[in-house]
Amino acid sequence: MKTLNVTFFTLLLCVISAASHAGQWHFGFGPSYLSGVKDVLDTYENNLYAESDSVSFPIGVAFDANYEMASGFRVGFGAGPAFYMLLEVDNGSSTEEYDHFELAFNGNIGYVFVPGSSVSPYVKAGIVEHAVSGEFVVSNNPGFLGAVGINFARTSFVSYAVELAYDGSEIVLEDYSNFSYREKTLNSYGTTLSFYVYF
């Protein structure tokens, strides 16, 4: 899978280079809702054998860039959403803190169905991988990214998009529930819903 990942990003760069002068770049930012982060919180709480005072943000900020050609084909990359979780566990005489952080990176290709219109649906697919850190993190695995969305005000300087995506990447966490050790594989982001503002 690592070889596939490198191959994909190399191909992506080649396509972008070949497409120069044939289209336009779009850069967007916006909030994203992440459906799978509760599983991460539950695993941490089970490992600590305690209910914690937790601060987690299932809504993160994502960045998206895509190069759209006149034909409607597009290539792009993105960073985010970012997810951060902080748990405070009271041990009686002291309080311990545990945190968890994830940031997704992706490369993708897609198609805009009505490239000359101010409103158009689009699809995209690619590979996504997370940068992960945390107390119980063992490893992470890249996965498939698939998304559908609608662009609005495409002919204006500022445009918008609503996007529903599936992030198939996985993280592996230590799991000490039931007083035994095992490794638990989680799809920590799962389905995401994003709103982008493009320039």
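Before reading on, note that the structure itself is shown above.
Below you will find a few notes about this structure. (Residues numbered from 1 in each chain as written. Predicted model: local features only at pLDDT ≥ 70, side-chain atom pairs only at ≥ 80, totals over all residues. Heavy atoms only, no water.)

1. Quick word on the overall build of the protein
Consideration 1: Assigned secondary structure in the protein consists of two helices and twelve strands.
Consideration 2: When the helices and strands of the protein are read in sequence order from the N terminus, they spell out α-β-α-β-β-β-β-β-β-β-β-β-β-β.
Consideration 3: Within the protein, buried positions represent 43% of all 199 residues.
Consideration 4: Considering only contacts in the protein between residues 6 or more positions apart, those separated by 24 or more positions represent 67%.
Consideration 5: Total accessible area on the protein stands at roughly 10000 Å², and carbon and sulfur atoms take up 63% of it. (Helix = DSSP H or I, 4+ residues; strand = E, 2+ residues; numbered from the N terminus. Buried < 20%, exposed > 50% of the residue type's maximum accessible area, 1.4 Å probe, protein only. Contact = heavy atoms within 4.5 Å. Areas by Shrake-Rupley, 256 points an atom, 1.4 Å probe, with all protein chains shown as cover.)

2. Brief notes about the pairing of strand E9 (residues 159-167)
Consideration 1: What you see with E9 is a clean split: Ser-159, Ala-161, Glu-163, Ala-165 and Asp-167 sit on the buried side and Tyr-160, Val-162, Leu-164 and Tyr-166 on the side with no burial.
Consideration 2: Note that strand E8 (residues 143-152) and E9 share eight bridges and pair antiparallel. Following the sheet pairing, Leu-145 is matched in E9 by Asp-167.
Consideration 3: Where E8 hands over to E9, the hairpin turn is made up of six residues, of which Ala-153 adopts a positive phi near 55°. (Pairing = 2+ DSSP bridges.)

3. A word on the packing of aromatic side chains
Consideration 1: For the structure on display, the rule yields 15 aromatic pairs.
Consideration 2: Taking 5.2 Å as the distance between ring centres and 70° as the angle between the ring planes, the aromatic pair formed by Trp-25 and Tyr-67 counts as edge-to-face. Of this pair, Trp-25 sits in strand E1 (residues 23-34) while Tyr-67 sits in strand E3 (residues 59-69); the two residues are 42 residues apart in sequence, bridging distant segments of the chain.
Consideration 3: We classify Tyr-67 as buried; its relative accessible area is 5%.
Consideration 4: Ring geometry for Phe-63 against Phe-77: centres 6.2 Å apart, planes inclined by 50°, an arrangement best described as tilted. Taken together, the residues Phe-63 in strand E3 and Phe-77 in strand E4 (residues 73-90) connect sequence positions 14 residues apart. (Phe/Tyr/Trp six-rings, centres within 6.5 Å; stacked < 30°, edge-to-face > 60°.)

4. Describing a negative patch on the surface
Consideration 1: Taken together, the side chains of Glu-88, Glu-96, Glu-97, Asp-99 and Glu-135 define an acidic patch exposed on the protein surface.
Consideration 2: Top contributing element to the negative patch by residue count: strand E5 (residues 95-112), with three residues.
Consideration 3: Its place among the elements puts Asp-99 in strand E5.
Consideration 4: For Asp-99, a relative accessible area of 37% corresponds to the partly exposed category. (Patch = residues over 30% accessible without salt bridge, like charges linked within 9 Å, V, L, I, M, F, W, Y side chains within 5 Å. Salt bridge = Lys/Arg side-chain N within 4 Å of Asp/Glu carboxyl O. Lys, Arg positive; Asp, Glu negative; His and termini not counted. Charge placed at Lys NZ, Arg CZ, Asp CG, Glu CD.)

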